[in-house]
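What follows is the residue order along each chain.
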Amino acid sequence: MKRFAANYIACRSVDRLHYVEVTCGSVLNGVFPLEKELAGTSFLNGVIWVVPAALGWEVADVWSRLTAIHQQMPDASVPEMLKVLIDTLAVPTVGELPAFLESSILDQDGINNEQPATYLPVQGKPVSLFLIRGIRLSAAEFGANNSGGNRYVERL
């Protein structure tokens, strides 16, 4: 079991001072409030974005999505941007997905079980964790040159 705490955890919502718990196989156990210091918990400064592993996203994918939403919301903090993005991802409608998500895939379990498809992580399913360093990023950091992207996004 691994626990990562951060200023914000973006999973199905964006929560301040929470921690995410995953098994050694990166299966999501849950997101919980950080009420006291917990042994074996790594505290990281910034925002941890929990993404379903089935999407196959890497650092460059996260960076491109952040860049796209930042262009729409240049003065927003990372948690504010991710809240809007998560709300958009909760129940995507075919043909109404944002352009920066067109290349992504839907949760196959949702499609096969005729449940609403979602891009959001589900407890008991594998996830990828991405640390976005910092709460507020300037426009210069989100410039067209992605060469500095790895300084702000890291896969955990």
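Once a new chain begins, its residue numbering starts again from 1 and follows that chain's sequence as written. In keeping with the predicted nature of the model, local features appear solely for residues at pLDDT of at least 70, side-chain atom pairs appear and are counted solely at 80 or more, and the whole-chain, interface and lining totals rest on all residues. Just so you know, side-chain values use all the structure's heavy atoms and leave hydrogens and water out.

Asks: Go over unusual backbone geometry with me, naming the residues and quoting the values.
Replies: A positive phi angle is found at Leu-17, which is not glycine, with a value near 50 degrees. Only DSSP runs of H or I reaching four residues or more are called helices, and only runs of E reaching two or more are called strands; each is numbered from the N terminus. With respect to the helices and strands, Leu-17 occurs in strand β2 (residues 14-22). Its identity is not glycine, yet Ser-26 carries a phi of approximately 60 degrees, on the positive side. On the secondary structure map, Ser-26 appears in the loop between β2 and β3 (28-33).

Asks: Go over the nonpolar core with me, naming the residues and quoting the values.
Replies: The biggest cluster of nonpolar side chains holds 25 residues, and the ones touching the most others in it are Trp-49, Leu-82, Ile-132 and Val-153. Of all the secondary structure elements, the ones that give two or more residues to this core are β1 (2-10), β4 (41-52), α1 (59-72), α2 (78-90) and β5 (127-132). Ranked by residue count, the leading element in this core is α2, at 6 residues. Any two residues whose heavy atoms approach within 4.5 Å are treated as being in contact. Residues in contact with Leu-82, not counting those within four places in the same chain, are Ala-10, Val-14, Val-47, Trp-49, Leu-66 and Ile-132. Within the second largest apolar cluster, 13 residues are counted, among which are Ala-6, Val-20, Leu-28 and Ile-48. Nine residue types can take part in a nonpolar core, namely buried Ala, Val, Leu, Ile, Met, Phe, Trp, Tyr and Cys, and a core is a set of them joined through side-chain atoms within 4.5 Å. Partly exposed describes any residue whose relative accessible area lies between the buried limit of under 20% and the exposed limit of over 50%, with all areas from a 1.4 Å probe on protein chains only and scaled to the type maximum.

Asks: Run through the sheet that holds β1, naming residues and quoting values.
Replies: Think of it this way: DSSP has to see at least two bridges between two strands before they count as a pair. Strand order in the open sheet formed by 6 strands is β3-β2-β1-β4-β5-β6, and the pairing between neighbours is mixed. The sheet terminates laterally at β3 and β6 (153-155), the two strands that pair on one side only. Neighbouring strand axes in the sheet, compared pairwise and without regard to direction, differ in orientation by 45 degrees on average. With 8 bridges joining them, β1 and β2 adopt antiparallel strand pairing. Bridge pairing in β2 links Ala-10 to Val-14. Here the axes come from fitting lines to C-alpha atoms, over the contacting stretch only for helices, and the angles between their N-to-C directions go from 0 to 180 degrees. Against the sheet, α1 contacts β4, β5 and β6, and its axis sits at roughly 145 degrees relative to β6.

Asks: Help me get a handle on the side chain of Asn-7, residues and values and all.
Replies: Mapped onto the elements, Asn-7 comes out in strand β1. Residue classification places Asn-7 among the buried residues on the basis of a relative accessible area of 18%. Any pair of N or O atoms that falls within 3.5 Å is considered a polar contact. Within protein, one atom must be able to donate a hydrogen and the other to accept it, and sequence-neighbouring residues count only if both atoms are side-chain atoms. Within the structure, the side chain of Asn-7 is placed 2.7 Å from the backbone nitrogen of Gly-46, a separation counted as a polar contact. Among all residues touching Asn-7, those that are not within four sequence positions of it are Asp-15, Arg-16, Leu-17, Phe-43, Leu-44, Asn-45, Gly-46 and Ile-135.

Asks: Give me the lowdown on the packing of aromatic side chains, citing residues and values where you can.
Replies: Stacked, tilted and edge-to-face are the three classes applied to pairs of Phe, Tyr and Trp rings, where Trp contributes its six-membered ring and a pair requires centres within 6.5 Å; stacked means planes under 30 degrees apart, edge-to-face means over 60, and tilted covers the rest. Tallied over the entire structure, the rule returns 3 aromatic pairs. Geometrically, the ring pair formed by Tyr-19 and Phe-32 is tilted, given 5.4 Å between the ring centres and 40 degrees between the ring planes. Taken as a pair, Tyr-19 in strand β2 and Phe-32 in strand β3 lie far apart in primary sequence, 13 residues in all. Taking the relative accessible area as the measure of exposure, Phe-32 reaches 29% and is therefore partly exposed. Plain terms: the ring middles of Trp-49 and Trp-57 are 5.5 Å apart, the flat faces sit at 65 degrees to each other, and that makes the pair edge-to-face.

Asks: Tell me about empty space enclosed by the protein, residues and numbers included.
Replies: Where empty space is left becomes clear once a probe the size of a water molecule has been rolled over the atoms. Points on a 1 Å grid over protein atoms alone make up a cavity when a 1.4 Å probe fits among them but cannot get out, and a pocket when they form an open set with protein on both sides within 12 Å along at least five of seven lines; lining residues each have an atom within 4 Å of a point. Grid points are joined across faces, edges and corners, and a volume is the space filled by probe spheres set on the points. Going through the model one piece at a time under the given rule, you end up with 1 cavity of 30 Å³ or more. Lining the largest cavity, in full, are Cys-11, Trp-49, Val-50, Val-51, Pro-52, Leu-55, Trp-57, Ile-86, Leu-89, Tyr-119, Leu-120 and Pro-121. Residue assignment for the lining of the largest cavity shows that the elements contributing at least two residues are β4 and α2. Broken down by element, the residue count for the lining of the largest cavity peaks at 4 residues, all from β4. Each residue gets one of three labels, nonpolar for Ala, Val, Leu, Ile, Met, Phe, Trp, Tyr, Cys and Pro, charged for Asp, Glu, Lys and Arg, and polar for the others, Gly among them. Classifying every residue of the lining of the largest cavity by side-chain character gives 12 nonpolar, no polar and no charged.

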